[in-house]
Amino acid sequence: MTNYKYVEVNSFDRTGGASDSDFYVTLNGTFSEEFDQIALVNCIMTNTFYNVTSTNNTFDFVENTGASQSVTITAGNYTINDLLSALKTAMETASPNTRTYTMSTSTISNKVTITGSAGTFSVLSSGGLNLMLGFSRSTASGQNLANTGTRIYNMTRYAFLNVQCSACKSDTYNTINGGRQNVLSYIPITESASGDILSFRPQTLNWVDISNPNVDQLSFRLTDDSNNIIDLNGGYVSLYIALR
């Protein structure tokens, strides 16, 4: 029977590191044996991350054929109504033609419509809020009095998070965009209220090859799909790790 070794890691008790989502732990005692693989057994964390952060809080638009305007929304947890209210204020403040904007959502299509008070405007594809509000991230909208998103709005910031671990080989797991080179596991984010405890336990252990068989220190990073470190805003993450 395979002899597993287990390590319980809590970001509160970390040896060092920048935050609860970017930290390392030094093992109290060096294991006598060497290890070839590592797996995540369980992950518990607080849902204390924001849906609007410094990586997705911009909205870009052009009135008529003038210069582009970029507005920034303060990071935080927003409902769709809160976000549209903040965006309305920001767009009206930035409007070079002193226009007002009306924000609305459809209960049928679940899409956002932004209507200007005069002239035309275009929603550019470069805004970080486009994905959440349902506007295209690849093509700017036309110059219209009103623009409606091409997709439904979705106030969930993350569909999943990545647990990166220094022990994992850089060529293991799935290295899609964002430079995720040492992913131990993906953590699906189910819908829950801010402050809730999230728990993930894979049905079967997904073993990942280890880069160095002598394990005496483990570093962890909790990142999004673009390799940005997640801000837990004072929350924590607890990991239960298996080695073999």
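Residues numbered from 1 in each chain as written. Predicted model: local features only at pLDDT ≥ 70, side-chain atom pairs only at ≥ 80, totals over all residues. Heavy atoms only, no water.

## Digging into the side chain of Thr113
- Turning to its location among the elements, Thr113 is positioned in strand E8 (residues 112–116).
- Dropping the residues within four chain positions of it, Thr113 is found in contact with Thr102, Met103, Ser104, Ala146, Asn147 and Thr148. (Helix = DSSP H or I, 4+ residues; strand = E, 2+ residues; numbered from the N terminus. Contact = heavy atoms within 4.5 Å.)

## Things to note about the sheet that holds strand E10 (residues 146–148)
- The sheet built from three strands is open, its strands ordered E7-E8-E10 with antiparallel pairing. One side of each edge strand has no neighbouring strand; the edge strands of this open sheet are strand E7 (101–105) and E10. Taking each pair of neighbouring strands and ignoring which way they run, the sheet shows an average axis angle of 15°.
- Bridging between E7 and E8 involves five bridges; their strand directions are antiparallel. Following the sheet pairing, Tyr101 is matched in E8 by Gly116.
- Sheet strands in contact with helix H1 (residues 80–94) are E7 and E8, and its direction is about 160° off that of E7. (Pairing = 2+ DSSP bridges. Axes fitted to C-alpha atoms, helices over the stretch in contact; angles between N-to-C directions.)

## Comments concerning the confidence of the model for the chain
- Mean pLDDT over the chain works out to 90, with 92% of the residues at or above the 70 mark.
- Of the regions scoring below 50 in pLDDT, residues 172–176 engages in 15 contacts with residues more than four places distant in sequence or in other chains. (pLDDT = per-residue confidence, 0-100.)

## With respect to the pattern of salt bridges
- Across all of its chains, the model carries three salt bridges by this definition.
- Of the charged contacts, one joins Arg14 and Asp20 as a salt bridge, the two residues approaching to 3.2 Å between their closest N and O atoms.
- Owing to a relative accessible area of 28%, Arg14 belongs among the partly exposed residues under this scheme.
- Since its relative accessible area comes to 13%, Asp20 is described here as buried.
- Two residues, Lys88 and Glu92, come together in a salt bridge whose shortest N-O distance is 2.6 Å. Placement of both Lys88 and Glu92 in helix H1 is noted, with a separation of four residues, approximately one turn of the helix.
- For Glu92, a relative accessible area of 23% corresponds to the partly exposed category. (Salt bridge = Lys/Arg side-chain N within 4 Å of Asp/Glu carboxyl O. Buried < 20%, exposed > 50% of the residue type's maximum accessible area, 1.4 Å probe, protein only.)

## Focus: the pairing of strand E13 (residues 197–200)
- In E13, alternate side chains face the same way, and those of Leu198 and Phe200 are buried while those of Ile197 and Ser199 on the opposite face are not.
- By the bridge criterion, four bridges tie strand E4 (residues 37–46) to E13 in an arrangement that is antiparallel. Across the sheet, residue Ile44 finds its bridge partner in E13, namely Ser199.

## Some details on the pairing of strand E16 (residues 237–243)
- Where burial is concerned, most of E16 is hidden: six out of the seven residues are buried.
- Direction of pairing for strand E1 (residues 5–10) relative to E16: antiparallel, over a ladder of six bridges. When the sheet's bridge partners are listed, Asn10 is paired in E16 with Ser238.
- By the bridge criterion, seven bridges tie E4 to E16 in an arrangement that is antiparallel. Note that in E16 the partner of Ala39 across the bridge is Ala242.

## A short note on the nonpolar core
- Residues Ile38, Phe49, Leu184, Phe220 and Leu239 are the most contacted members of the largest nonpolar core, which totals 34 residues.
- Where this core is concerned, the elements lending two or more residues are E1, strand E3 (22–26), E4, strand E11 (160–165), strand E12 (183–188), E13, strand E15 (217–223) and E16.
- When sequence neighbours within four positions are dropped, the list of residues in contact with Phe49 reads Asn77, Tyr158, Leu161, Ile189, Leu198, Ile230, Asp231, Leu232 and Asn233.
- In terms of nonpolar packing, the next biggest core, distinct from the first, is built from 23 residues, Met91, Tyr101, Ile114 and Val123 among them. (Core = buried A, V, L, I, M, F, W, Y, C linked by side-chain atoms within 4.5 Å.)

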